[in-house]
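Commentary on secondary and tertiary structure
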Amino acid sequence: MRIGLLGAGGTLKIKDGYLNFQHPYGKTFKVRVVDIETVVVDVVSMGQGELRLIGHGTDLAKTKMPVSWANKCQEWILSKIK
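Presented here is a report on the structure given in the accompanying data block. (Residues numbered from 1 in each chain as written. Predicted model: local features only at pLDDT ≥ 70, side-chain atom pairs only at ≥ 80, totals over all residues. Heavy atoms only, no water.)

Taken in spatial order, the 3 strands of this open sheet run E5-E6-E7, and their pairing is antiparallel. Edge positions in the open sheet fall to strand E5 (38-45) and strand E7 (58-66), since each of these has one partner strand only. Neighbour to neighbour, the strand axes of the sheet diverge by 25 degrees on average, direction disregarded. As defined by bridge partners, E5 adjoins strand E6 (residues 48-55) across 7 bridges and the pair is classed as antiparallel. Pairing of Thr38 across the sheet is with Ile54, part of E6. (Pairing = 2+ DSSP bridges. Helix = DSSP H or I, 4+ residues; strand = E, 2+ residues; numbered from the N terminus. Axes fitted to C-alpha atoms, helices over the stretch in contact; angles between N-to-C directions.)

Within the largest apolar cluster, 18 residues are counted, with the highest numbers of intra-cluster contacts made by Leu12, Leu19, Phe29, Leu51, Leu53 and Ile77. Elements with a minimum of two residues in this core: strand E2 (11-15), strand E3 (18-22), strand E4 (28-32), E5, E6, E7 and helix H2 (67-81). Looking at this core, the element that brings in the most residues is H2, giving 4 residues. Not counting residues up to four positions away in its chain, the partners in contact with Phe29 are Leu19, Asn20, Phe21, Leu53, Ala61 and Thr63. (Core = buried A, V, L, I, M, F, W, Y, C linked by side-chain atoms within 4.5 Å. Buried < 20%, exposed > 50% of the residue type's maximum accessible area, 1.4 Å probe, protein only. Contact = heavy atoms within 4.5 Å.)

So, to be careful, I would describe these as geometric facts and stop short of saying anything about function.
Okay, structure coming up:
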């Protein structure tokens with residue numbers, strides 16, 4: 001399962017039980033899907049959002065991106081973990 005992001009070639013995918021995010025400018029994270037309880041988007045500045053993966057009472061991972069992309073990622077991740 002994979003969702004292509006960021007016109008510059010970033011990706012978000014689920015493989016072998018892990019959610020992997022890779023941005024072409026070096027930002028990455030890898031989180032076990034079973035550890036994700038919810039996903040939220042915080043608006044941090046005009047047009048920018050912070051996608052946060054939450055589990056076990058803490059942030060498992062977070063990254064900034066345009067808020068429209070963050071919302072799309074949030075919907076996709078939530079549809080895959082529920």
